[in-house]
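As a plain string of letters, each chain reads:
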Amino acid sequence: MPQPSELSIISLPAMQELVRSLGFPAFRAQQILDWRNKGMLDPLNMPNVPKNVRQAVADVVGKPPLTLVKREYSRDGTRKYLFALREGGHVETVMIPERKRITLCISSQVGCVLDCPFCFTGRQKFERNLSAEEIVAQLWMVTADLLQEPVGHSIADHPTHIVYMGMGEPLANEEGLHGSLAFFLAEDELHISRRRITVSTSGLLPQITRLGNLYPVNLAISLHAANNAKRDVLVPINKKHPLEELRHVLDAYPLPEQRYITLEYVMLAGVNDQNEDLKALVHFVRAKREFVNLIHFNPHPGSDYTATPKDAMDEFATRLISRGMRATVRRSRGDDIMAACGQLNALMNQENTDGDNEDA
Ligand code: SAH
Ligand code: SF4
C-alpha cells in the first residue's frame, strides 16, 4: 500500500487527509496533485501553492525519487532517459512517440537476475527492485519532459500506453509491479486502462497467474524458442518453468474479447530461425488467443548473437501466417541511441556520463 509520504502514487483522498493533518484546507490537495500530474514531484516548486503549504508538504514527502541525469534523442523521435534513484542506483526509461500514441517503456528493477544471454540488462549486476513509487515516478518525469518539449509528430502530449519492457523482470518484483499497476488503473485522469498496459515477462508462472487474478493487463511472454532445449539456453528460467507448464498457465490467463497474449520472439541468426523452430512454434502457439511478435535482435557491446536478416524475418512471419498463426514483425525504435528492447543498461550509460567513452 502506498505510504502517504509518496507523492508519486498518493491518491486524492490520501493527499486531502495529509493536507488537513498539516492544518491546511483540503482544496490544497487538488492543487498539489494537479502539479504532480504535470510531472512536478517537488512541492517546493509548485507556483500557486502558498509557501508555508509547500514547505510543510515537502517536509513530509521528501525529495523526488528520481533525478534526470541524461536524456538522449533518437532520429526516430524516441527519447531515452537515465535517472538516478534517490535511494541509490540508476535506471533507464524510454519514450516512444507515434502519430496517435506515446508509449512509455518503464523499468522495474536495477539490473536483472535472470541472465538471458542475448539481453544487455541481464549482463548488468542485479542491484534491487524498484518501489512502486520509483516505477510510477518514471511516468511523471517523462510527462514533465513532454510538457516542456513536446514531440512534434504526435497528437498525444502525454504517455498513453505503458509497457513493462525496460530494465528488469517485472514479475520478480511483484510489490513494485502490483503497487504501480494499482495506481495506474485507479487514476482516471491518466486514461490508462488495462488495455493500454502490457507486462512483459520471461515466464515466472505463479506470478503470471497472480497477475491475471489481480490486474489482468495485456501479457507479453518472452518465448524466443518453442522447444525446451533451446529455450533453456535463451531464457534460462525455462529450466524451472518449462514450456508445458507455461502452456497451462497461458491457457488459464484471463483475456477480454478480441485480445491476445503476445509471444515475443527475438530472431537470432542460426539459433532460433530455422525450419524446425518454425515447426515447434506452430505446434506451441494457440492462434485463437496468442500472436507472435517477431523482434529484431538489437546488438549491444559484447553480444555473441547476430540478428536474422530482415528478409528472412519477413519470410518467417509469412510462413507462420500461412499456417494460420497471427504474426507481426516489430519495428525497432531508438536503436541508434541504444534504447531498443534489450539494450538498456544503466551502468553502461552512467559510465559514459562520467566521461568514460572508451568502447567496452
Ligand atoms: N524481463 C522482461 C521484460 C524486459 S525485456 C522480459 O524478459 O520479458 C523486454 C523484451 O526485450 C523481452 O522480450 C526480451 O526478451 C527482449 N530483449 C532482450 N534483449 C534483447 C535484444 N538484445 N534484442 C531484442 N530484444 C531483446
Ligand atoms: Fe531479464 Fe528480461 Fe533481460 Fe531476460 S530478457 S535478462 S528476464 S530483462
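Basis of the calculations
Residues numbered from 1 in each chain as written. Chains lettered and ligands numbered in written order. Predicted model: local features only at pLDDT ≥ 70, side-chain atom pairs only at ≥ 80, totals over all residues. Heavy atoms only, no water. Helix = DSSP H or I, 4+ residues; strand = E, 2+ residues; numbered from the N terminus. Rg over C-alpha atoms; globule rule 2.2 N^0.38 Å. Buried < 20%, exposed > 50% of the residue type's maximum accessible area, 1.4 Å probe, protein only. Contact = heavy atoms within 4.5 Å. Areas by Shrake-Rupley, 256 points an atom, 1.4 Å probe, with all protein chains shown as cover. Lys, Arg positive; Asp, Glu negative; His and termini not counted. Charge placed at Lys NZ, Arg CZ, Asp CG, Glu CD. Core = buried A, V, L, I, M, F, W, Y, C linked by side-chain atoms within 4.5 Å. Phe/Tyr/Trp six-rings, centres within 6.5 Å; stacked < 30°, edge-to-face > 60°. Pairing = 2+ DSSP bridges. Domains from an automatic or database assignment. Buried area = accessible area lost by both parts, 1.4 Å probe. Salt bridge = Lys/Arg side-chain N within 4 Å of Asp/Glu carboxyl O. Polar contact = N/O pair within 3.5 Å; in protein donor to acceptor, adjacent residues only side chain to side chain. Nonpolar A, V, L, I, M, F, W, Y, C, P; charged D, E, K, R; others polar. Near = heavy atom within 4 Å.

**Q** Tell me about the overall build of the protein chain, and name the residues and values.
**A** When helices and strands are counted, the protein chain shows 12 helices and 12 strands. Rg of the C-alpha trace for the protein chain: 21 Å, near the compact-globule value of 21 Å for 360 residues, within the 12% margin. Based on the C-alpha atoms only, the size of the protein chain along its principal axes is roughly 70 × 50 × 40 Å. Relative to its 360 residues, the protein chain shows a buried fraction of 53%. A sequence separation of at least 24 residues applies to 65% of the contacts in the protein chain between residues at least 6 apart. Of the roughly 16,100 Å² of accessible surface on the protein chain, a fraction of 51% belongs to carbon and sulfur atoms. Across the protein chain, the centroid of the 40 positively charged side chains sits 6 Å from that of the 44 negatively charged ones.

**Q** Please give an account of the nonpolar core that cites residues and values.
**A** Within soluble globular proteins, side chains that are nonpolar tend to cluster in buried spots. Counting residues in hydrophobic clusters, the biggest one holds 81 residues, and the most contacted among them are Tyr164, Phe184 and Leu211. The greatest single-element share of this core, amounting to 9 residues, is contributed by helix α5 (residues 132–148). Setting aside residues no more than four positions away along its own chain, phenylalanine 184 makes contact with Ile106, Val136, Leu139, Ile162, Tyr164, Leu190, Ile192 and Ile197. Of all hydrophobic cores here, the second largest spans 15 residues; its members include Leu7, Ile32, Val57 and Val61.

**Q** Would you mind going over the packing of aromatic side chains in detail, with residue names and values included?
**A** Enumeration according to the criterion identifies 5 aromatic pairs in this entry. Between phenylalanine 183 and phenylalanine 184 the ring centres are 6.3 Å apart and the planes differ by 65 degrees, which places this aromatic pair in the edge-to-face class. Phenylalanine 183 gets classed as buried once you look at its relative accessible area, which sits at 6%. For the ring pair tyrosine 265 and phenylalanine 316, a centre distance of 5.9 Å and an interplane angle of 25 degrees mean the geometry is stacked. With a gap of 51 residues between them, tyrosine 265 in strand β10 (residues 261–267) and phenylalanine 316 in helix α11 (residues 310–322) connect regions that are remote in the sequence.

**Q** Describe the pairing of strand β3 (residues 90–97), with residues and values.
**A** With 8 of 8 residues buried, β3 lies mostly within the body of the structure. On β3, burial covers both faces: His90, Glu92, Val94 and Ile96 on one face and Val91, Thr93, Met95 and Pro97 on the other are all buried. Between the end of strand β2 (residues 79–85) and the start of β3, which pair antiparallel, lie 4 residues, with glycine 88 showing a positive phi angle near 105 degrees. Pairing analysis gives 4 bridges linking β3 to strand β4 (residues 102–105), with the strands arranged antiparallel. Each bridged residue has a counterpart across the sheet, and for proline 97 the counterpart in β4 is isoleucine 102. Between β3 and β4, which follow one another and run antiparallel, lie 4 residues.

**Q** Describe the domain arrangement of the protein chain, with residues and values.
**A** When the domains of the protein chain are assigned, the result is domain 1 (6–61) and domain 2 (66–353). Here the C-alpha centre of domain 2 lies 33 Å away from the C-alpha centre of domain 1. Listed per partner, the contact involves 13 residues of domain 1 and 13 residues of domain 2. With both chains or domains summed, domain 1 and domain 2 bury close to 1,000 Å², and 58% of this area falls on carbon and sulfur atoms. Ranking the residues of domain 1 by area buried against domain 2 places Ser8, Ile9 and Asn37 at the top, with a combined share of 44%. Taken together, the connections running from domain 1 to domain 2 amount to 1 salt bridge. When the shortest N-O distance is used, the salt bridge between glutamate 187 and arginine 36 registers 3.6 Å. Applying the counting criterion to the domain 1 and domain 2 interface returns 2 residue pairs in polar contact (both at pLDDT 80 or more). By residue class, the composition of the side of domain 1 that touches domain 2 is 5 nonpolar, 5 polar and 3 charged.

**Q** Could you give an account of the site of ligand 2, with specific residues and numbers?
**A** As a matter of local geometry, ligand 2 sits amid Cys112, Leu114, Asp115, Cys116, Cys119, Gly122, Gly168, Glu169 and Ser202. Within the shell around ligand 2, the residues separate by chemical class into 4 nonpolar, 3 polar and 2 charged.

**Q** For the site of ligand 1, give the residues involved together with the corresponding values.
**A** Around ligand 1, a shell composed of 21 residues is seen, among which Gly168, Ser200, Ser222, His224 and Asn298 lie nearest. Between serine 200 and ligand 1, the recorded distance is 2.6 Å, taken from a side-chain N or O atom to an oxygen atom. In the environment of ligand 1, an oxygen atom lies 3.1 Å from a nitrogen or oxygen atom belonging to the side chain of glutamate 264. Look at ligand 1: alone it shows 530 Å² of surface, and the protein chains cover 96% of it. Only β8 (197–201), β10 and β11 (290–296) provide two or more residues apiece to the shell around ligand 1. For the shell around ligand 1, the class distribution of residues is 8 nonpolar, 11 polar and 2 charged.

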